[in-house]
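For reference, the chains in residue letters:
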Amino acid sequence: MEELDGEPIVTLIPGVNSKKKQMCFDWGPGEMLVCETAFNKKGKSETVPSCPFIHIVRKDVDVYSHILRKLFNESHGIFVGLQRIEEELTGKSRKAQLVRVSKNYRSVIRACMEEMHQAAIAAKDPASSRQFSSQVSILSAMELIWNLCEILFIEVAPAGPLLLLLLDWVRLHVCEVDSVLADVLGSENPSKHENFWNLVTILVLQGRLDEARQMLSKEADASPTSAGMCRILGDLMRTMPVLSPGNTQTLTELELKWQHWHEECERHLQDGTFVSSPHLESLCKIMLGDEAALLEQKELLSNWYHFLVTRLLYSHPTVKPIDLHFYAQSSLDLFLGGESNPEPLDNILMAAFEFDIHQVIKECSIALSNWWFVAHLTDLLDHCKLLQSHNLYFGSNMREFLLLEYASGLFSHHSLWQLGVDYFDYCPELGRVSLELHIERIPLSTEQKALKVLRICEQRQMTEQVRSICKILAMKAVRNNRLGSALSWSIRAKDAAFATLVSDRFLRDYCERGCFSDLDLIDNLGPAMMLSDRLTFLGKYREFHRLYGDKRFVDAASLLLSLMTSQIAPRSFWMTLLTDALPLLEQKQVIFSAEQTYELLRCLEDLASRRPVHGEPDAQQLQDDDIETTKVEMLRLSLARNLARAIIKEGSLEGS
């Protein structure tokens, strides 16, 4: 049975009284709309809600932070690079490359932390300063956890080198000592500085023994009475066995040397070598790993994991990874002493020391305000082949689930959504489906943004989304009376119905204005004109005008007649086509043959009698319009004359 999570954190919405009023809400992909209803708790309706506002509750507010956006952008490049080099990673180079990737992630976190710290200093109001400082603390905790996971899960350091890495980890994250060191050394008489002994103690606690010896030499110079004791303690610091990275000695040799050194320290303490100097005696006890002496320095240690590493350094320098959790738990218990409960950060670090990766990820998911950390850490650990055995019961593995959640949060931002696309791409099971669902919800506020979305969809063969976006853009273009753009988008969407609608608008505009707009587009329709009958008619009708303009009257006449007899022309446009035939009928040479003229007469009579044709809209009531009646009479007269001329011409040709 799965362990139950704690109760979720309650989010209070200003002005909303959920104790007295019923609430209504609606979930979105990245946010929720909440408002009061007109009903009280008993279900009785009141006149108006006491809070007439609709509130937006966002789950990923961090994406709106200007500084954290840099974290998202920079880490995106690292993430994509890791996915691309996965096939090339083999053997020893694989581990080194993964460690390098991990360090790159940490450097991005630290850079954002530094920038956030500067923003907190420069903030003009206390609220902003507190907010920035809070973010600095969160980023610092994230880097602390990531660094520990890097040591334990990615570097997989063995006994010996493990302690060196843990020392570097503590020194990196307990860095106040550097400012104290600069302050003390900058004074006229360092050994008399109020923080001198605190500084020496911190240096010893962090295993920075060379620097501690240098500080003791200043005490020896300033105080001849303690010079001998300082020299002896300095020699003990200098001779302490440490496994350096390039050292070839075995762990057994190190343990023997360390045991001999430890006995020498204990002998000096028992002989009372430092009894006249409480500070030096305390330092000697620390170097012996005396727990009571270490716990006396709680304020300087500041946290239990510093206490743990110092304790290991002076008591168990060759600790094995498998034993870490035992020392970690006892150090936490000793340091807290039952006075307080562990914080979420303590639980996360403890889970890491226990090598419980899944618990680390779970605790981080609960404690942190966004999915960035767990998504990227899990992805990296997955590349280390550490999560293959852990699949979730609702469809995808842990890596994919967390990446999907993180990418979904990015899609709620007006520009970061572009980063989310790549995260969906690298989720093999549910990534494409999720991308399709999210990309349809992107507001296409500008054509430039729409083109970006469209390019993404086309690159991934997302046919339905391409059609949907093109239709949306076509509708916007129609509303703005940009018919050329609307026609272009409807063709790109392969939407026959909408192409017909836009073509009708083109024809209506032509009837009103007597000319076409967007001639370049219509002239270059090519095979696209076959998308719908109306679009085909529009293209062919424009071709008729070109032929007429080039004085190719016979070809123009044949095309005009074919548009009418093939039923491709809308009935409402027949009168315009017949009117276009008038100049051809009045040419000196006979353009229309007798048979063609009969066809035109049939069409005219069909139109004049308002005979409905199946599938076409009813003809306009031409007989009620004097102008239309005049047009019909003129056409009849012109067609009759042309018929006579054509019969005479055709008869003369037969007779000859």
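Residues numbered from 1 in each chain as written. Predicted model: local features only at pLDDT ≥ 70, side-chain atom pairs only at ≥ 80, totals over all residues. Heavy atoms only, no water.

Draft legend 1. How the structure looks around the overall build of the protein. Helices and strands together make up the secondary structure of the protein, namely 30 helices and 3 strands. Relative to its full complement of 656 residues, the protein shows a buried share of 47%. For the protein, contacts bridging at least 24 residues in sequence account for 63% of all contacts bridging at least 6. Accessible surface, the protein: about 34,100 Å² in total, of which carbon and sulfur atoms supply 53%. (Helix = DSSP H or I, 4+ residues; strand = E, 2+ residues; numbered from the N terminus. Buried < 20%, exposed > 50% of the residue type's maximum accessible area, 1.4 Å probe, protein only. Contact = heavy atoms within 4.5 Å. Areas by Shrake-Rupley, 256 points an atom, 1.4 Å probe, with all protein chains shown as cover.)

Draft legend 2. View of the packing of helix α8 (residues 227-239) against helix α10 (residues 278-287). It is at 11 Å that the axes of α8 and α10 come closest, and there the two elements cross at 15°. It follows that α8 is roughly parallel to α10 by the angle criterion. The chirality of how α8 crosses α10 is left-handed. Along its contact with α8, which presents M229, C230, L233, L236 and M237, the element α10 presents L280, L283, C284 and M287. Tallied by class, the residues present in the contact of α8 with α10 amount to 9 nonpolar, no polar and no charged. (Axes fitted to C-alpha atoms, helices over the stretch in contact; angles between N-to-C directions. Parallel < 35°, antiparallel > 145°, perpendicular 65-115°, else oblique. Left-handed = near helix turned anticlockwise from the far one by under 90°. Nonpolar A, V, L, I, M, F, W, Y, C, P; charged D, E, K, R; others polar.)

Draft legend 3. Focus on helix α27 (residues 553-565). For α27, spanning 13 residues, the distance from its first C-alpha to its last is 18 Å, which sits close to the expected 18 Å at 1.5 Å a residue. In this fold, the buried residues of α27 make contact with α26 (533-549), α28 (574-585) and α29 (594-608). Just downstream of α27, Q567 is the residue with a positive phi angle, here 65°. (Expected span 1.5 Å × (residues − 1).)

Draft legend 4. Quick peek at the environment of M116. Note that M116 resides in helix α2 (residues 91-122). Considered as a pair, M116 and H66 are 50 residues apart in the sequence and their alpha carbons are 9.9 Å apart. The contact partners of M116, leaving out residues within four places of it in the chain, are S65, I67, L68, F132, Q135, V136 and L139.

Draft legend 5. Molecular detail of the packing of helix α1 (residues 66-85) against helix α19 (residues 417-425). One can describe the packing of α1 onto α19 by two numbers: an axis separation of 11 Å at closest approach and a directional angle of 25°. With respect to each other, α1 and α19 are oriented roughly parallel. As α1 packs across α19, the resulting crossing turns out to be left-handed. In this structure, α1 uses F72, N73, S75, H76, F79 and V80 to contact α19, whose residues at the interface are L419, D422 and Y423.

Draft legend 6. Broad picture of the pattern of salt bridges. Throughout the structure, instances matching the rule amount to 17 salt bridges. In this structure, R311 engages E291 in a salt bridge whose closest nitrogen and oxygen atoms are separated by 3.1 Å. Within this pair, whereas R311 is found in helix α13 (residues 304-315), its partner E291 is found in helix α11 (residues 291-295), the two being separated by 20 residues in sequence. Look at R311 and you get buried, because its relative accessible area is 8%. Overall, the relative accessible area of 33% leaves E291 in the partly exposed class. The network of salt bridges with shared partners includes K103, R106, R110, E143 and E150. (Salt bridge = Lys/Arg side-chain N within 4 Å of Asp/Glu carboxyl O.)

Draft legend 7. Geometry of the nonpolar core. In terms of nonpolar packing, the biggest core is built from 194 residues, with L166, W169, L233, W304, F353, W372 and F373 touching the most fellow members. Element by element, the count of residues in this core is highest for helix α3 (residues 126-155), at 12 residues. For L233, the residues in contact, after removing those within four places along its chain, are L216, F274, L280, L283, C284 and M287. (Core = buried A, V, L, I, M, F, W, Y, C linked by side-chain atoms within 4.5 Å.)

Draft legend 8. A look at the side chain of H376. Among the secondary structure elements, H376 is positioned in helix α17 (residues 372-383). If near-sequence neighbours (up to four positions away) are discounted, H376 is found in contact with S75, F79, Y105, W146, Y406 and Y423.

Draft legend 9. Expanded view of unusual backbone geometry. Here the phi dihedral of S302 falls at roughly 70°; this positive angle occurs in a residue that is not glycine. By secondary structure assignment, the location of S302 is in the loop between α12 (298-301) and α13. One non-glycine residue with positive phi stands out, namely F355, at about 60°. Of note, F355 is situated in the loop between α15 (344-353) and α16 (357-367).

Draft legend 10. Representation of the confidence of the model for the protein. Here the protein averages 82 in pLDDT, while 83% of its residues score no lower than 70. Note on residues 612-624: pLDDT under 50 across the span, and 21 contacts to partners over four residues away in sequence or across chains. (pLDDT = per-residue confidence, 0-100.)

Draft legend 11. Looking closely at the packing of aromatic side chains. In the structure shown here, the tally under the stated rule is 19 aromatic pairs. When the centroid spacing of 6.1 Å and the interplanar angle of 75° are considered together, the rings of W169 and F353 count as edge-to-face. Taken together, the residues span a long stretch of sequence, with W169 in helix α4 (residues 161-173) and F353 in helix α15 at a distance of 184 residues. Taking relative accessible area as the criterion, W169 reaches 1% and is therefore assigned buried. Looking at F353, the relative accessible area reads 0%, which means it is buried. Following the ring pairs from residue to residue traces out a cluster consisting of F72, F79, Y406, Y423 and Y426. One cation-aromatic arrangement involves K298 over F335; the distance from NZ or CZ to the ring centre is 5.4 Å. (Phe/Tyr/Trp six-rings, centres within 6.5 Å; stacked < 30°, edge-to-face > 60°. Lys NZ or Arg CZ within 6 Å of the ring centre and 35° of its normal.)

Draft legend 12. Summary view of the environment of P190. On the secondary structure map, P190 appears in the loop between α5 (176-185) and α6 (196-205). A relative accessible area of 13% places P190 in the buried class. In this structure, P190 is in contact with V184, F196 and K218, ignoring residues within four places of it in sequence.

Draft legend 13. Here's a closer look at helix α9 (residues 251-270). Relative to the 28 Å expected for 20 residues at 1.5 Å per residue, α9 spans 28 Å between its end C-alpha atoms, a close match to the ideal helical length. Listing the buried residues of α9 in full gives L254, W258, W261, H262, C265 and H268. Along the axis of α9, the buried residues cluster in a sector spanning 120°; they form a single face. More than 90 degrees from the buried face of α9, the exposed residues found are T252, L256, H260 and Q270. On its buried face, α9 is in contact with α8, α10 and α13. Taken from the residues just after α9, G272 is the one with a positive phi, measuring 75°. (Arc of directions from axis to C-beta.)

Draft legend 14. Region of interest: the side chain of K449. When you line up the elements, K449 lands in helix α21 (residues 447-459). Residue K449 is classed as buried on the basis of its relative accessible area of 13%. Sequence-distant contacts of K449, that is, excluding residues within four places in its chain, are made with H414, W417, I442 and P443.

Draft legend 15. Spatial organisation of the state of the cysteines. In this structure the tally under the stated criterion is 0 disulfides. You can see C364 has no disulfide; the closest cysteine sulfur is in C149, sitting 6.9 Å from it. Given a relative accessible area of 1%, C364 falls into the buried group. (Disulfide = S-S within 2.5 Å.)

Draft legend 16. Highlighting the environment of F307. If you trace the backbone, F307 turns up in helix α13. Remark: the alpha-carbon pair of F307 and L205, spanning 102 residues in sequence, is separated by 8.2 Å. The residues touching F307, leaving out its near neighbours within four places in the chain, are L294, L295, L301, S331, L334 and F335.

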